[in-house]
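What follows is the residue order along each chain.
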Amino acid sequence: MKTYNDIYLSTRNLLRQNGIEACDLEARILVAGAAGKSVEHLLRDLKLYTTSEVENRALDYTARRLKGEPVAYITGSWQFYGVDLVVTPDVLIPRMDTEVLIDAAKEILTGNKMDARVLDLCCGSGCITCAIAHEMPATRLVAVDLSASALEICRRNVTDHKLNSRVLCIQADATSSPPLGIGSFDLIISNPPYIASGEIQSLDRSVRDYEPIWALDGGEDGLRFYKAIIKYWKSIIRPGGYLVFEVGEGQAKDVRDMLMAAGFSRTATRKDTQGIERAVIGKM
């Protein structure tokens, strides 16, 4: 029999030998997933002996990772802004870059509108919705996505975190008019598809071959969703309300210009941990 530490070390070494930079972190996540534990509980139990079933599952997970499959899809879970989420190939894997949107929402609403009504457009896994709901317990949220399968994952995450009383999930198209009766909002927040169609094939294999392309493809110039959301959804932002977008590298100026042309009173940006302008904020 082997200890969890034995399995962790062999997994880490396999990942390292195959050029995976984050081999330490990924090995912990894979072995924890194989053992049905959190990473914290795995670290606590490293010296304990485990079963051959766990060892074999860890080997299977490692083989899948070495073929390019992302860790989040292998384990079926990922953490975003301290919130544990169910993640499947029906949704994008939440990125640390997107956490800047949660920071921006908190900055906008704290001390101003703590009980805000918030709309999360192109919600995917519901990572933004769940994080805002977790951080700001007086908010009420609506999560919107066109994909029925993505909405199912969003609903699972909302339910898992006992947020059903505060979050409504709706299927709708962000590139057309809002559904009748959806109401108005203090804040619309969106991480829409923003990769230019011609750049999809140049993405890293783990993204291109495994994550849903429809959640990445932002049209010929990468700006299709920004144009549509500003055009169709601006009308349901309350006076003095805000629109917050995640944008790709180099897109911030174009999106700010669109907001100003659409009559927003002012705009601003927020940088991610790499110093890239990642969030664009417009105020009505």
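This is a predicted model, so every value here is computed, not measured.

*Asks:* Explain the packing of aromatic side chains to me, and be specific about the residues and the numbers.
*Replies:* Evaluated as defined, the whole model comprises two aromatic pairs. Ring geometry for Phe-80 and Tyr-81: centres 6.5 Å apart, planes at 45°, overall tilted. Tyr-81 matches Phe-80 in its accessibility class, with the two residues each being buried.

*Asks:* How would you sum up the nonpolar core? Please name residues and give values.
*Replies:* The biggest cluster of nonpolar side chains holds 42 residues, and the ones touching the most others in it are Val-118, Ile-132, Leu-187, Ile-189 and Val-244. A total of seven residues in this core trace back to one element, the largest contributor, which is helix 6 (residues 99-109). With residues up to four places along the chain from it excluded, the contact list for Ile-132 reads Ile-102, Ala-105, Val-118, Thr-139, Leu-141 and Ile-189. Counting residues in each nonpolar core, the second largest holds 34 residues, with Ile-195, Ile-229, Met-258 and Phe-264 among its members.

*Asks:* I'd like a rundown of the pairing of strand 6 (residues 185-190), residues and numbers included.
*Replies:* In terms of residue burial, strand 6 counts as a mostly covered element, since six of its six residues are buried. Sheet analysis places strand 6 next to strand 7 (residues 237-246), joined by five bridges and oriented parallel. Bridge pairing links Ser-190 to Phe-245 in strand 7.

*Asks:* Could you give an account of the state of the cysteines, naming the residues involved and the relevant values?
*Replies:* Tallying each qualifying case throughout the model produces zero disulfides. You can see Cys-154 has no disulfide; the closest cysteine sulfur is in Cys-169, sitting 3.8 Å from it.

*Asks:* Go over the pattern of salt bridges, please, and point to the residues and values.
*Replies:* Two side chains bearing opposite charge may form a pair once their charged atoms approach each other closely. Evaluated as defined, the whole model comprises 17 salt bridges. For Glu-55, the salt bridge identified is with Lys-2, shortest N-O distance 2.9 Å. Of this pair, Glu-55 sits in helix 4 (residues 52-66) while Lys-2 sits in the segment before helix 1 (4-17), and the two are 53 residues apart along the sequence. The class of Glu-55 is partly exposed, set by a relative accessible area of 21%. With its nearest N and O atoms 2.9 Å apart, the salt bridge here joins Asp-257 to Lys-253. Here Asp-257 pairs with Lys-253, and both are found in helix 11 (residues 252-261), just four residues apart, close to one helical turn. Residue Asp-257 is classed as partly exposed on the basis of its relative accessible area of 40%. Bridged by salt links that share partners, the residues Arg-12, Arg-16 and Asp-24 form one connected network.

*Asks:* Before we move on, can you summarise the environment of Thr-98 with the specific residues and values?
*Replies:* Within the secondary structure layout, Thr-98 lies in the loop between strand 2 (83-86) and helix 6. Spatially, the C-alpha atom of Thr-98 lies 29 Å from that of Thr-11, the residues being 87 residues apart in sequence. With residues up to four places along the chain from it excluded, the contact list for Thr-98 reads Phe-80, Ile-128, Asn-191 and Glu-246. Among the polar contacts made by the side chain of Thr-98, one reaches the side chain of Glu-246 at a distance of 2.6 Å.

The rules behind these values
Residues numbered from 1 in each chain as written. Predicted model: local features only at pLDDT ≥ 70, side-chain atom pairs only at ≥ 80, totals over all residues. Heavy atoms only, no water. Phe/Tyr/Trp six-rings, centres within 6.5 Å; stacked < 30°, edge-to-face > 60°. Buried < 20%, exposed > 50% of the residue type's maximum accessible area, 1.4 Å probe, protein only. Core = buried A, V, L, I, M, F, W, Y, C linked by side-chain atoms within 4.5 Å. Helix = DSSP H or I, 4+ residues; strand = E, 2+ residues; numbered from the N terminus. Contact = heavy atoms within 4.5 Å. Pairing = 2+ DSSP bridges. Disulfide = S-S within 2.5 Å. Salt bridge = Lys/Arg side-chain N within 4 Å of Asp/Glu carboxyl O. Polar contact = N/O pair within 3.5 Å; in protein donor to acceptor, adjacent residues only side chain to side chain.

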